[in-house]
Amino acid sequence: DAGITQSPRYKITETGRQVTLMCHQTWSHSYMFWYRQDLGHGLRLIYYSAAADITDKGEVPDGYVVSRSKTENFPLTLESATRSQTSVYFCASSWDGYEQYFGPGTRLTVT
Amino acid sequence: AQSVSQHNHHVILSEAASLELGCNYSYGGTVNLFWYVQYPGQHLQLLLKYFSGDPLVKGIKGFEAEFIKSKFSFNLRKPSVQWSDTAEYFCAFSIYNQGGKLIFGQGTELSVKP
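Residues numbered from 1 in each chain as written. Chains lettered and ligands numbered in written order. Predicted model: local features only at pLDDT ≥ 70, side-chain atom pairs only at ≥ 80, totals over all residues. Heavy atoms only, no water.

**Some points on the overall build of chain A**
Assigned secondary structure in chain A consists of zero helices and eleven strands. Starting at the N terminus, the α and β elements of chain A follow one another as β-β-β-β-β-β-β-β-β-β-β. Expected size for 111 residues packed as a compact globule is a radius of gyration near 13 Å; at 13 Å, chain A falls within 12% of this value. Reported as C-alpha extents along the three principal axes, the dimensions of chain A are approximately 35 × 25 × 25 Å. Sorting the 111 residues of chain A into buried and exposed places 50% on the buried side. Here the analysis covers contacts within chain A between residues at least 6 apart in sequence; of these, 55% occur between residues at least 24 apart. Of the accessible surface of chain A, which amounts to about 5,300 Å², a share of 48% is contributed by carbon and sulfur atoms. (Helix = DSSP H or I, 4+ residues; strand = E, 2+ residues; numbered from the N terminus. Rg over C-alpha atoms; globule rule 2.2 N^0.38 Å. Buried < 20%, exposed > 50% of the residue type's maximum accessible area, 1.4 Å probe, protein only. Contact = heavy atoms within 4.5 Å. Areas by Shrake-Rupley, 256 points an atom, 1.4 Å probe, with all protein chains shown as cover.)

**Considering the pairing of strand β8 (residues 64-68) of chain B**
All names here are of chain B. In terms of strand pairing, strand β7 (residues 56-58) meets β8 through three bridges, oriented antiparallel. Each bridged residue has a counterpart across the sheet, and for Val 57 the counterpart in β8 is Ala 65. The turn linking β7 back onto β8 is made up of five residues, and Lys 61 within it adopts a positive phi angle of 60 degrees. Examined bridge by bridge, β8 and strand β9 (residues 73-78) share five bridges and lie antiparallel to one another. From the neighbouring strand, Glu 66 faces β9, where its bridge partner is Asn 75. (Pairing = 2+ DSSP bridges.)

**Observations concerning the interface of chain B and chain A**
Tallying the contact residues gives 23 residues for chain B and 19 residues for chain A. At the boundary of chain B with chain A, total buried surface from both sides reaches about 1,600 Å², with 59% on carbon and sulfur atoms. On inspection of chain B and its partner chain A, the count reaches one salt bridge. Our count for the contact surface shared by chain B and chain A stands at three residue pairs in polar contact (both at pLDDT 80 or more). Counting only elements with at least two residues in the side of chain B that touches chain A, the list comes to β5 (31-38), β6 (44-50) and β10 (87-95) of chain B. Residues of the side of chain B that touches chain A, tallied by class, amount to ten nonpolar, ten polar and three charged. (Buried area = accessible area lost by both parts, 1.4 Å probe. Salt bridge = Lys/Arg side-chain N within 4 Å of Asp/Glu carboxyl O. Polar contact = N/O pair within 3.5 Å; in protein donor to acceptor, adjacent residues only side chain to side chain. Nonpolar A, V, L, I, M, F, W, Y, C, P; charged D, E, K, R; others polar.)

**With respect to the side chain of Arg 68 of chain A**
All names here are of chain A. Residue position: Arg 68 is located in the loop between β7 (64-66) and β8 (76-78). Within the buried core, Arg 68 has no salt-bridge partner, and the shortest N-O distance to an opposite charge, that of Glu 72, equals 7.3 Å. A distance of 3.1 Å separates the side chain of Arg 68 from the backbone oxygen of His 29, its partner in a polar contact. (Lys, Arg positive; Asp, Glu negative; His and termini not counted.)

**Concerning the nonpolar core**
Judged by nonpolar contacts, the single largest core of 30 residues is most densely connected at Leu 33, Trp 35, Leu 48, Phe 74, Leu 76, Tyr 89 and Phe 93 of chain B. Among the elements that take part in this core, β10 of chain B stands out by supplying five residues, more than any other. (Core = buried A, V, L, I, M, F, W, Y, C linked by side-chain atoms within 4.5 Å.)

**Remarks on the environment of Ala 52 of chain A**
Residue and element names in this part refer to chain A. By secondary structure assignment, the location of Ala 52 is in the loop between β5 (42-51) and β6 (54-57). Along the primary structure Ala 52 and Met 32 are separated by 20 residues, whereas in three dimensions their C-alpha atoms are 9.5 Å apart. Discounting chain neighbours no more than four positions away, the residues touching Ala 52 are Arg 68, Ser 69, Lys 70 and Thr 71.

**Topic: the environment of Tyr 27 of chain B**
Residue and element names in this part refer to chain B. In this fold, Tyr 27 is placed in the loop between β4 (23-26) and β5. Considered as a pair, Tyr 27 and Gln 2 are 25 residues apart in the sequence and their alpha carbons are 5.8 Å apart. With residues near it in sequence (within four places) discarded, Tyr 27 still touches Gln 2, Phe 72, Phe 93 and Ile 95.

**Remarks on the side chain of Asp 38 of chain A**
All names here are of chain A. Turning to its location among the elements, Asp 38 is positioned in strand β4 (residues 31-38). Since its relative accessible area comes to 14%, Asp 38 is described here as buried. Within polar-contact distance, the side chain of Asp 38 engages the side chain of Arg 44 at 3.0 Å. In this structure the side chain of Asp 38 is engaged in a polar contact, spanning 2.8 Å, whose partner is the side chain of Ser 87. Sequence-distant contacts of Asp 38, defined by excluding residues within four places in its chain, comprise Arg 44, Thr 86 and Ser 87.

And the structure:
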């Protein structure tokens, strides 16, 4: 039972590069979410998805793109990475949108 | 703007001490409330939740929280902490019928001395 996995777990990239963070869940949960965690801010919602092919913006969507062609996958792309996007990124999934199960996180550093 | 305020950034307790972590949210309508915990090196996991009914909710590992609507508060309590409770604790809420978009507080780091 893999649950929810994220890859890579650690990533260093340069300013201006495109980078994609992967999220995969094995529960067939309808809802999936991307958060970023920064010191002093807790977790902030970037994007979420209520089902395949349905996505919507969260609190801090600028500079990020998501897609959800399959229920189990919800990749997050930084189209042109900036230093302000250095953060820990958490993916979560939920069957009802409320009780969310979190992945282990991806620590991204943009140099 | 909707937000969550957690009163303490870092709490240090000795084993067997009682714990209370404060949480206040800012939203005037119906909410669902959550406490999540992140143990060192582990995923965030749900500690307890309140949707409706009895405002005193019990979660895993002996934790409980009380929803006081008039104070917009959802404080977390445990009568006697253990070293294994060392973790970061996040309070969060979602607006009723808004698909579970969670708004988190900034977190409280709890250190329990053995």
